[in-house]
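Coordinates in review
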Amino acid sequence: GDLVGLYDPDGLFNAATIAAAIRELGRERVSLWRFLSEAKIASAVAATSIAGSVDITTELQAAFDFCAAGLGRKLFIPAGFYKLTAEVTFTPNNAFSTTDYTSGLMMEGEGMGKTIIVNSVGSSNPAIFVDGGQLMTNPALGRAFAKGQRFANFTMIGDGSTTDQYGFRCRGSWYNTWENVRIISLKGTAILIGDDTATNPDTTANAGNIFISCELDRNWWSIVNSVNNDGPMISIFGGSMRNNTRG
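1. Some details on the overall build of the protein chain
In terms of helices and strands, the protein chain carries four helices and 19 strands. Across the 247 residues that make up the protein chain, the buried fraction comes to 45%. In the protein chain, the share of contacts with a sequence separation of at least 24, taken over all contacts with a separation of at least 6, comes to 81%.

Printed below as a string of structure tokens:
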């Protein structure tokens, strides 16, 4: 809408500078609701259990693509019950970068007990896949990993409909942080690091994974490290990993 009541006594603002400021604000944070219909927003907010969760698979992929294009790095997911029924992939676009660093994804909810994501993805697929490996094998994209991902303040819960589920999978991604994230009741692996048969280990290198005050509970496996390079660094600060029946 129009900017109303803008105080500009020195005449410093014009259409170009205002437009640039708005673009910068857009890069700071974008809400998932920007991509949802009003009906889906209303249903997600009204739901009181996972039975009422709203399928956001297509919309979350659109939001990831938006962030990957450098238009909004921080993705905010308001309180509500949401559901993923297929893999959603974040592949950073570093075409605008002049360094070896890409624009990582920052995805944040309103809290463990407020933003709930139900994992209804089929067997052997992750709900969320951070894929930076292709950046190393495609010269046109430059030599860089996905770097600086952060996931915070939400719960992911398995719906019990299938086995061999994954919550997150990371390939060719560095400096991933999970903070105040709860992953529970997956008949599979909460977080899978690597697990790729690529002959070039650079495409699957993962390093600097940090877990802060997270809860990984009642999954088959909590964190599985399957990387064919020297191995990632994993740091855990507080939190709980319990009742994960197979590891």
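Now that the structure has been shown, the text picks up again.
2. Quick look at the pattern of salt bridges
This structure, assessed with the given rule, holds six salt bridges. Across the pair E59 and K40 runs a salt bridge, and its minimum N-O distance is 2.9 Å. On the criterion of sequence distance, the pair formed by E59 in helix α3 (residues 57-68) and K40 in helix α2 (residues 38-46) is long-range, its members being 19 residues apart. In this structure K40 comes out as partly exposed when scored by relative accessible area, which is 25%. Close ionic contact of E108 with R150 constitutes a salt bridge, the shortest N to O distance being 3.6 Å. Here E108 is found in strand β6 (residues 106-109), whereas its partner R150 is found in strand β10 (residues 150-158), with 42 residues between them in sequence.

3. Some points on the packing of aromatic side chains
One pass over the structure, following the stated rule, counts eight aromatic pairs. Between F154 and F168, the ring centres sit 6.4 Å apart and the planes meet at 40°, which makes this aromatic pair tilted. Of this pair, F154 sits in strand β10 while F168 sits in strand β11 (residues 165-171); the two residues are 14 residues apart in sequence, bridging distant segments of the chain. Note on accessibility: F154 and F168 belong to one class, buried. Of the aromatic side chains, those joined through ring pairs into one cluster are F151, F154, F168, W178 and F211.

4. Let's talk about the environment of G238
Relative to the elements of secondary structure, G238 occurs in the loop between β18 (234-237) and β19 (240-242). Sequence separation of G238 and F211 is 27 residues, and the distance between their C-alpha atoms is 8.1 Å.

5. Some details on a nonpolar patch on the surface
Nonpolar side chains collect at one region of the surface, where I234, I236 and M241 lie side by side and expose about 250 Å² of accessible area between them. You can see M241 is positioned in strand β19. Among the residues examined, M241 registers a relative accessible area of 37% and is labelled partly exposed.

6. Some thoughts on α3
With twelve residues, α3 extends 16 Å from end C-alpha to end C-alpha; this agrees with the ideal 16 Å at 1.5 Å per step. Those residues of α3 lying buried are T57, E59, L60, A63, F64, F66, C67 and A68.

7. Brief notes about the side chain of T189
The topology assignment puts T189 in strand β14 (residues 188-194). The class for T189 is buried, based on a relative accessible area of 5%. The contact partners of T189, leaving out residues within four places of it in the chain, are Q165, Y166, G167, W221, S222 and V224.

8. Quick notes on the pairing of strand β8 (residues 126-131)
The buried fraction of β8 amounts to six of the six residues, a majority that puts the element mostly inside the structure. The pairing of strand β5 (residues 88-90) with β8 spans three bridges and is classified as parallel. Note on β8: the bridge partner recorded for F90 is V130. Note: β8 against β11, five bridges, orientation parallel. Looking at β11, one finds that P126 is bridged to Y166.

9. Quick notes on the side chain of D217
Looking at the element boundaries, D217 is found in strand β16 (residues 215-217). With a relative accessible area of 3%, D217 lands in the buried category. Not counting residues within four places of it along the chain, the set of residues in contact with D217 comprises I183, I184, S185, R242, N243 and N244.

How each quantity is defined
- In every chain, residue numbers begin from 1 and rise along the written sequence.
- It should be noted that, the model being predicted, local features are given only for residues of pLDDT at least 70 and side-chain atom pairs only at 80 or more, the latter also being counted only at that level, while totals for whole chains, interfaces and linings use all residues.
- For side-chain calculations, the full set of non-hydrogen atoms in the structure is used, while hydrogens and water are omitted.
- Starting at the N terminus, helices and strands are each numbered in turn, a helix being any DSSP run of H or I of at least four residues and a strand any DSSP run of E of at least two.
- Three exposure classes are used, based on accessible area relative to the maximum for each residue type with a 1.4 Å probe and protein chains only: buried under 20%, partly exposed in between, and exposed over 50%.
- Contact between two residues is taken to exist if any of their heavy atoms lie within 4.5 Å; hydrogens are not considered.
- Should a side-chain nitrogen of Lys or Arg be within 4 Å of a carboxyl oxygen of Asp or Glu, the pair is scored as a salt bridge.
- Note on ring pairs: Phe, Tyr and Trp rings are taken, using the six-membered ring of Trp, and paired if centres are within 6.5 Å. Classes follow the plane angle, with under 30 degrees stacked, over 60 edge-to-face and the rest tilted.
- Residues enter a patch when their relative accessible area is above 30% and they make no salt bridge; the linking distance is 9 Å between like charges and 5 Å between nonpolar side chains (Val, Leu, Ile, Met, Phe, Trp, Tyr).
- To measure how exposed things are, a 1.4 Å probe is used in the Shrake-Rupley method; for residues, cover is taken only from the protein chains shown.
- Multiplying 1.5 Å by the helix residue count minus one yields the expected span of that helix.
- Here, strands pair whenever DSSP counts at least two bridges between them.

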